[in-house]
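# Analysis of the macromolecular model
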Amino acid sequence: MSKILVTGGAGFIGSNFVRMLLLGSDHEIVNLDALTYAGNLENLADVQDNSRYTFVRGDIADAAGMQQVFAQHRPELVVHFAAESHVDRSVLDATAFVRTNVIGTQVLLDQSRAHGVQRFVHVSTDEVYGSLGAWGYFTEDTPIQPNSPYSSSKAGSDLMVRAAVHTHGMDCVITRCSNNYGPYQFPEKLIPLMIANALEDKQLPVYGDGKNVRDWIHVADHCEGIKVAMERGAAGEVYNFGGDAERENLFVVKEILRLVGKGEDLIRYVTDRPGHDRRYAMDSSKARATLGWTPRHTFESGLRATVDWYLQNKAWWERVRSGAYQAYYEQQYGGR
Ligand code: NAD
Ligand code: DAU
């Protein structure tokens, strides 16, 4: 049993990870989260009374605040999810991305080193590798060539983690994963946005020709990958995780419409995302061979279960889509 500081545990993947560890291990969890627009304690309402769970509100870019958190809680392990995570928001304004993703990660690395943290797991993304053409896969040796402000800030954080390993001898592991979907995903991302819009008979905004490809992985498979990388990964190594489920965006959108029983007339082609990466596809053979990891969900069964979750949790996403979300939606889609 270890004491684990999880950053960003009130977000989509972080909350799934915290729940998995509380229900499936004996680790003690300190969830550190600033509760930005994407952080929602409702995501963990079912486990918040667990005696092994503590929530701390804090901003990872606040060095003095983090010094206090580390001194008070003395974590043995850090699993770092906290980030600004949405590409479109980074196109509108990159400031928070640099602050949280780059500076925040460096603050956590400094505090981890100062307080003798045994291992730092940095949760990163396939987007740091850039964009693929029609064939090929990202491996851990693919050069880092990020294209968006979001992915560039994540690449910056990956490089600071690399520097902590090589300069300071820290024990860090970097995980890079493809596109996640599943319960509690904020409805600004493709799959939950399309499900929620379809259920409300709103238009489904497809960027460009809809033929960009993403490699979809169920969030539970990603969380399992992070867990085994934390437990069994080698210090200083990078591990790719993908779902072996490459799909064109238009295929995903049509599949969602079919699952919710709505017509394709809801699809609206809108101006493409600037700098839109064409295709992502992950080679996860290193994680499979060295960590014994394998994804358990197929895209078809995972998407069906996700649509069911959004059907059963309408109150959750209706609340999330009220207030500030409306202003973002108008700014992002209003003029397209
Ligand atoms: P999310 O946006 O749903 O959650 C991010 C969380 O971080 C929120 O709870 C937010 O409140 C918190 N946060 C933001 N800024 C903070 C700050 N300054 N201090 C403390 N907390 C702060 O994101 P997600 O989709 O769950 O992604 C989690 C991590 O996984 C990110 O690092 C992201 O880059 C990475 N990742 C995501 C995907 C994906 O498909 N969603 C794929 C690969 C990697
Ligand atoms: O690949 C991992 C990354 O996946 C993570 O690092 C990011 O945090 C996560 O947001 C996600 O990035 P994407 O940009 O790939 O995800 P998003 O859901 O925003 O978009 C998926 C695809 O769908 C992409 O090709 C853009 C397209 N899209 C998206 C939205 C929101 C649309 O066509 N219309 C939309 O309205």
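To be clear, the structure that these remarks concern was listed above.
Attention here is on the structure that accompanies the text.

Conventions used here
- Residues numbered from 1 in each chain as written.
- Chains lettered and ligands numbered in written order.
- Predicted model: local features only at pLDDT ≥ 70, side-chain atom pairs only at ≥ 80, totals over all residues.
- Heavy atoms only, no water.
- Salt bridge = Lys/Arg side-chain N within 4 Å of Asp/Glu carboxyl O.
- Helix = DSSP H or I, 4+ residues; strand = E, 2+ residues; numbered from the N terminus.
- Buried < 20%, exposed > 50% of the residue type's maximum accessible area, 1.4 Å probe, protein only.
- Pairing = 2+ DSSP bridges.
- Axes fitted to C-alpha atoms, helices over the stretch in contact; angles between N-to-C directions.
- Contact = heavy atoms within 4.5 Å.
- Expected span 1.5 Å × (residues − 1).
- Bend = angle between axes of the 7 residues up to and from the residue.
- Near = heavy atom within 4 Å.
- Polar contact = N/O pair within 3.5 Å; in protein donor to acceptor, adjacent residues only side chain to side chain.
- Areas by Shrake-Rupley, 256 points an atom, 1.4 Å probe, with all protein chains shown as cover.
- Disulfide = S-S within 2.5 Å.

### As for the pattern of salt bridges
Under the definition given, this model contains 22 salt bridges. The salt bridge partner of glutamate 188 is arginine 89, with a shortest N-O separation of 2.7 Å. Here arginine 89 lies in helix 3 (residues 87-92) and glutamate 188 lies in the loop between strand 7 (179-181) and helix 6 (190-199), a separation of 99 residues in the sequence. Where salt bridges share partners, they join Arg89, Glu188 and Lys189 into one cluster.

### A look at the pairing of strand 9 (residues 213-218)
Counting buried positions along strand 9 gives 6 out of 6 residues, so the element sits mostly inside the fold. By the alternation rule, side chains of strand 9 split into Val213, Asp215 and Ile217 and Arg214, Trp216 and His218, which are all buried. Sheet analysis places strand 7 next to strand 9, joined by 3 bridges and oriented parallel. From the neighbouring strand, asparagine 180 faces strand 9, where its bridge partner is isoleucine 217. In this sheet, strand 11 (residues 246-248) lies alongside strand 9 in antiparallel orientation, the contact comprising 3 bridges. For arginine 214, the partnering residue across the bridge sits in strand 11 and is arginine 247.

### So, the sheet that holds strand 1 (residues 3-7)
The strand order 3-2-1-4-5-6-10 describes an open sheet built from 7 strands, whose pairing is parallel. At either end of the open sheet lies a strand with only one pairing partner, and these are strand 3 (53-57) and strand 10 (238-241). Adjacent strand axes in the sheet meet at a mean angle of 20° when their direction is disregarded. Across 4 bridges, strand 4 (residues 77-80) lies against strand 5 (residues 119-125) in parallel orientation. Note on strand 5: the bridge partner recorded for valine 78 is phenylalanine 120.

### As for the environment of leucine 132
Structurally, the position occupied by leucine 132 is in the loop between strand 5 and helix 5 (149-168). For the pair leucine 132 and methionine 1, spaced 131 residues apart in sequence, the C-alpha separation works out to 41 Å. Each residue touching leucine 132, except ones within four places of it in the same chain, is listed here: Tyr137, Phe138, Arg278, Arg279, Tyr280 and Ala281.

### Description of helix 4 (residues 95-114)
For helix 4, which comprises 20 residues, the first-to-last C-alpha distance of 27 Å matches the rise-based estimate of 28 Å (1.5 Å per residue) to within 8%. Its axis deflected by about 30° at glycine 104, helix 4 carries its strongest bend there. Two residues or fewer after helix 4 comes glycine 116, characterised by a positive phi angle close to 65°.

### Thoughts on the site of ligand 2
Not every one of the 26 residues close to ligand 2 is listed here, only the nearest: Asp126, Tyr150, Arg273, His276 and Tyr333. Proline 205 places a polar main-chain atom, nitrogen or oxygen, 2.8 Å from a nitrogen atom of ligand 2. Within the side chain of histidine 276, one N or O atom sits 2.6 Å away from an oxygen atom of ligand 2. For ligand 2, whose free accessible area comes to 690 Å², the fraction covered by protein is 95%.

### Here's the deal with the state of the cysteines
Summed over all chains, the structure comprises 0 disulfides. Cysteine 177 takes part in no disulfide bond, and the closest cysteine sulfur to it belongs to cysteine 223, at a distance of 9.0 Å. On the basis of relative accessible area, cysteine 177 is assigned to the buried category, the value being 3%. The exposure class assigned to cysteine 223 is buried, which follows from its relative accessible area of 1%.

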